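Listed below are the residues making up each chain.
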Amino acid sequence: GRPPQSKLEAPTAPTQHNATMAKMTPLPTNKYLLLLSIVIGHSLLGGYYAGTRPEGAGWRFFSWHPFLMMVGMVGLMGTATLTKKRMGYTNTKLHGMIAWAGLMSSYAGFYVIYQNKNTMGKDHYTTLHSKAGLAVLVGSTMLGMAGGGVFHPDFWVD
């Protein structure tokens with residue numbers, strides 16, 4: 001028989017996955033860089049802006065919450081998504097690493113708001129915003145675990 005395929009070798013039998021992949025094309029470099037600059041710029045500026053509201057409040061401990069959440073969920077996870085659309089083994093691995101960095105930034109933002117609530121003596125998870133945020137954080141963690149364990153290019157197909 002034929003020796004096992006390497007992870008870089010394309011499968012020989014046609015599959016639904018192969019048919020779908022044949023229709024997809026990698027994101028061109030110029031579009032990738034333009035979209036990256038928009039996503040990263042928006043997350044940095046938007047996070048800073050949100051952190052200094054209301055007008056005149058300035059930067060304070062709470063400010064790290066919207067800043068880190070924007071950088072994590074929009075900047076880094078957006079970058080991870082765009083990187084995956086470049087296709088290929090290396091970009092798939094970069095996608096996972098950048099997405100996990102975004103998740104860690106988001107957990108840091110969660111830590112800030114949790115500590116801020118403790119300091120102010122307020123209850124946790126009393127608003128729809130807090131409940132939805134927690135659900136997104138837990139859901140993103142589960143997606144990251146599935147992606148890292150099941151869809152990792154060393155264990156699955158790209």
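The preceding data block contains the structure.
Residues numbered from 1 in each chain as written. Predicted model: local features only at pLDDT ≥ 70, side-chain atom pairs only at ≥ 80, totals over all residues. Heavy atoms only, no water.

1. Some details on the overall build of the chain
In terms of helices and strands, the chain carries five helices and zero strands. Sequence separation of at least 24 residues holds for 66% of the intrachain contacts in the chain that already meet a minimum separation of 6. Taken as a whole, the chain presents about 10,300 Å² of accessible surface, with 70% of it coming from carbon and sulfur. (Helix = DSSP H or I, 4+ residues; strand = E, 2+ residues; numbered from the N terminus. Contact = heavy atoms within 4.5 Å. Areas by Shrake-Rupley, 256 points an atom, 1.4 Å probe, with all protein chains shown as cover.)

2. Digging into helix H5 (residues 128-149)
For H5, which comprises 22 residues, the first-to-last C-alpha distance of 31 Å matches the rise-based estimate of 32 Å (1.5 Å per residue) to within 8%. Along H5, the positions that sit buried rather than exposed are Leu137, Ser140, Thr141 and Gly144. Each buried residue of H5 lies within a common arc of 100 degrees when the element is viewed along its axis, so the set occupies one face. Opposite the packed face of H5, turned more than 90 degrees from it, sit the exposed residues Leu128, Ala135, Met142 and Leu143. (Expected span 1.5 Å × (residues − 1). Buried < 20%, exposed > 50% of the residue type's maximum accessible area, 1.4 Å probe, protein only. Arc of directions from axis to C-beta.)

3. Let's talk about unusual backbone geometry
With omega at -5 degrees, the peptide bond leading from Arg53 into Pro54 counts as cis. Counting through the fold element by element, Pro54 comes out in the loop between helix H2 (29-51) and helix H3 (64-84). Notably, Met87 is not glycine yet its phi reads approximately 65 degrees, a positive angle. Its identity is not glycine, yet Tyr125 carries a phi of approximately 55 degrees, on the positive side. Relative to the helices and strands, Tyr125 is located in the loop between helix H4 (89-120) and H5.

4. Quick notes on the nonpolar core
If you look at soluble globular proteins, the nonpolar side chains tend to sit buried side by side. By size, the foremost hydrophobic cluster in this structure holds five residues: Leu27, Tyr32, Leu36, Val39 and Leu82. Considering every element that reaches this core, the biggest residue donor is H2, with three residues. Those residues in contact with Val39 that lie beyond four places of it in its chain are Val74, Gly75, Gly78, Thr79 and Leu82. (Core = buried A, V, L, I, M, F, W, Y, C linked by side-chain atoms within 4.5 Å.)

5. A look at the packing of H4 against H5
Axis separation between H4 and H5 bottoms out at 11 Å; the angle between their running directions is 150 degrees. As judged from the angle between their axes, H4 and H5 are roughly antiparallel. Here H4 runs over H5; the crossing is left-handed. Taking contact as the criterion, the partners of Trp100, Leu103, Ser106, Tyr107 and Phe110 in H4 are, on H5, Leu134, Leu137, Ser140, Thr141, Gly144 and Met145. (Axes fitted to C-alpha atoms, helices over the stretch in contact; angles between N-to-C directions. Parallel < 35°, antiparallel > 145°, perpendicular 65-115°, else oblique. Left-handed = near helix turned anticlockwise from the far one by under 90°.)

6. A short note on the layout of surface pockets
By volume, the second largest pocket amounts to about 520 Å³. Lining the second largest pocket are 20 residues, and of these His65, Ile113, His129, Ser130 and Gly133 sit closest to its centre. Counting residues per element, the ones that place at least two in the lining of the second largest pocket are H3, H4 and H5. With seven residues, H5 is the single largest residue contributor to the lining of the second largest pocket. Tallied by class, the residues present in the lining of the second largest pocket amount to 12 nonpolar, seven polar and one charged. (1 Å grid on protein atoms, 1.4 Å probe; cavity = no way out; pocket = protein on both sides within 12 Å on 5 of 7 lines; lining within 4 Å. Points joined across faces, edges and corners; volume = space filled by probe spheres on them. Nonpolar A, V, L, I, M, F, W, Y, C, P; charged D, E, K, R; others polar.)

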